[in-house]
Amino acid sequence: MSGRAMTGSASEPRPDGSGLSPGARQRLLARARAAIAAELGGAPMDDEDLGELRAELERRSGAFVTLARRADGELRGCVGLPEPIYPLAETVARAAVAAALYDRRFHPVAAAELPGLSLHVSVLGDLQPIAAGEIEVGRHGLVVRHRGRSGLLLPQVASDRGWDRLRLLDETCRKAGLPPGTWREPGCELLAFTAVVFGEEG
């Protein structure tokens with residue numbers, strides 16, 4: 001997969017009903033599942049007529065796809081492309097395949113597993129520089145960049161795990177392979193983003 005993919009370390013996301021039409025959300029979820037099925041089946045994904053959803057789904061945007069087991073909610077993969085490199089529909093398809101097959105934390109998803117997995121999509125807003133004191137837990141996702149390393153956590157992670165702002169900053173540093181507290185160092189770049197999060201169950 002080309003592009004700069006990153007794991008998101010998401011727990012099962014909470015739906016967010018704003019920012020995209022219901023039709024666009026459903027189409028993205030269907031496209032994510034179809035992309036995984038096509039990749040597992042060794043067949044190319046069919047081209048799709050986006051119709052009246054074209055304006056929403058062809059805008060360039062970053063996105064993550066999270067896979068969780070329906071039976072117990074356990075994470076099975078979470079990968080995305082944070083930068084707005086591709087049209088949204090393509091970003092989601094690429095992220096879905098990467099989450100299923102290339103999240104190094106997990107074994108690749110098998111075809112027989114796919115029906116038992118629930119898919120969630122997080123569509124990212126623009127990455128914006130932010131001061132540490134301006135970060136809002138539950139609203140902002142965070143990217144930390146320093147010394148050639150980069151780590152990202154989605155907005156829902158901190159609130160789902162009960163973290164405060166300082167814990168979010170430290171954990172994003174850890175995600176980047178940096179020591180906690182690195183965010184205080186000169187030259188450490190903090191970028192925040194919001195996300196529209198929705199899933200197959202709501």
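Quick note: structure is the one above.
Residues numbered from 1 in each chain as written. Predicted model: local features only at pLDDT ≥ 70, side-chain atom pairs only at ≥ 80, totals over all residues. Heavy atoms only, no water.

## Concerning the nonpolar core
Keep this limit in mind: To form a nonpolar core, buried Ala, Val, Leu, Ile, Met, Phe, Trp, Tyr and Cys residues must be joined to one another through side-chain atoms within 4.5 Å. Only protein chains enter the accessibility calculation, which uses a 1.4 Å probe; a residue is then buried when its area is under 20% of its type maximum, exposed when over 50%, and partly exposed in between. Segments assigned H or I by DSSP are reported as helices when at least four residues long, segments assigned E as strands when at least two residues long, and all are numbered from the N terminus. We call two residues in contact when some of their heavy atoms are within 4.5 Å.
Residues L28, L57, L67, L88, V92 and F198 are the most contacted members of the largest nonpolar core, which totals 33 residues. When residues of this core are traced back to their parent elements, those giving at least two are α1 (22–41), β2 (63–69), α3 (88–101), β4 (117–124) and β9 (195–199). The leading source of residues in this core is α3, at eleven residues. Discounting chain neighbours no more than four positions away, the residues touching L88 are L20, L28, E56, L57, E58, R59, R60, S61, A63 and V123. Formed by 31 residues, the second largest nonpolar core is a distinct cluster that contains M6, F64, L75 and F193.

## Re α1
Counting along an α-helix, one turn takes 3.6 residues, and residues three or four places apart therefore face a common direction. What counts is decided by this rule: Here, expected helix span is obtained from the residue count minus one, scaled by 1.5 Å.
For α1, spanning 20 residues, the distance from its first C-alpha to its last is 29 Å, which sits close to the expected 28 Å at 1.5 Å a residue. Of all the residues in α1, the buried ones are A24, R25, L28, L29, R31, A32, A35, I36 and A38. The inward-facing, buried residues of α1 contact α2 (54–57), β2, α3, β4 and β9. Count one or two residues on from α1 and you reach G42, which has phi positive near 70°.

## Points about the sheet that holds strand β5 (residues 128–129)
The cut-off we apply is this: Should DSSP find at least two bridges between two strands, the strands are taken to pair. To get an axis, a line is fitted to the C-alpha atoms, and for a helix only the part in contact is used. The angle between two axes follows their N-to-C directions and goes from 0 to 180 degrees.
One open sheet holds the four strands; their spatial order is β5-β8-β6-β7, and the pairing between them is antiparallel. Two strands lie at the open edges of the sheet, namely β5 and β7 (149–153), each paired on one side alone. Pairing geometry for strand β6 (residues 141–146) and strand β8 (residues 189–193), over five bridges, is antiparallel. Along β8, the bridge assignment pairs L142 with A192. Of the strands in this sheet, β6, β7 and β8 touch helix α5 (residues 165–175), which is tilted by about 130° from β7.

## Considering the pattern of salt bridges
As a reminder of what qualifies: Criterion for a salt bridge: a side-chain nitrogen of Lys or Arg within 4 Å of a carboxyl oxygen of Asp or Glu.
Tallied over the full model, the rule gives twelve salt bridges. With a shortest N-O distance of 2.7 Å, E58 and R54 are connected by a salt bridge. A relative accessible area of 35% places R54 in the partly exposed class.

## Description of the packing of aromatic side chains
Selection criterion: Each Phe, Tyr or Trp ring (for Trp, its six-membered ring) is paired with any other whose centre lies within 6.5 Å, and the angle between the two planes then decides the class: stacked below 30 degrees, edge-to-face above 60, tilted in between. Remark: a charge is flagged as sitting over a ring if the NZ atom of Lys or the CZ atom of Arg is within 6 Å of the ring centre and within 35 degrees of the ring normal.
This structure, assessed with the given rule, holds zero aromatic pairs. Over the face of the ring belonging to Y86 we find R94, whose NZ or CZ atom lies 4.1 Å from the ring centre.

## A closer look at the layout of surface pockets
Definition in use: Each cavity reported here is a set of points on a 1 Å grid over the protein atoms alone in which a 1.4 Å probe fits but cannot get out, each pocket an open set with protein on both sides within 12 Å along at least five of seven lines, and each lining residue one with an atom within 4 Å of a point. Grid points are joined across faces, edges and corners, and a volume is the space filled by probe spheres set on the points. Residues are grouped as follows: Ala, Val, Leu, Ile, Met, Phe, Trp, Tyr, Cys and Pro are nonpolar; Asp, Glu, Lys and Arg are charged; all remaining types, including Gly, are polar.
Put simply, the largest pocket is a space of about 210 Å³. In terms of lining, the largest pocket is formed by twelve residues, of which the most central are A35, E39, A93, R94 and V97. Those elements that provide at least two residues to the lining of the largest pocket are α1 and α3. Its residues assigned to classes, the lining of the largest pocket shows eight nonpolar, no polar and four charged.

## What about the packing of α1 against α3?
To keep things clear, this is the line we draw: Should an angle fall under 35 degrees it is taken as roughly parallel, and over 145 as roughly antiparallel, whereas 65 to 115 is taken as roughly perpendicular and any remaining angle as oblique. Handedness of a helix crossing follows the sense of rotation of the near helix relative to the far helix, less than a right angle counterclockwise being left-handed and clockwise being right-handed.
Running from amino to carboxyl end, α1 crosses α3 at an angle of 50°, the nearest separation of the two axes being 8 Å. For the element pair α1 / α3, the angle class is oblique. Handedness of the α1/α3 crossing: right-handed. Contacts between α1 and α3 involve L28, R31, A32, A35, I36, E39 and L40 from the former and L88, A89, E90, V92, A93, A96, V97, A100 and L101 from the latter.

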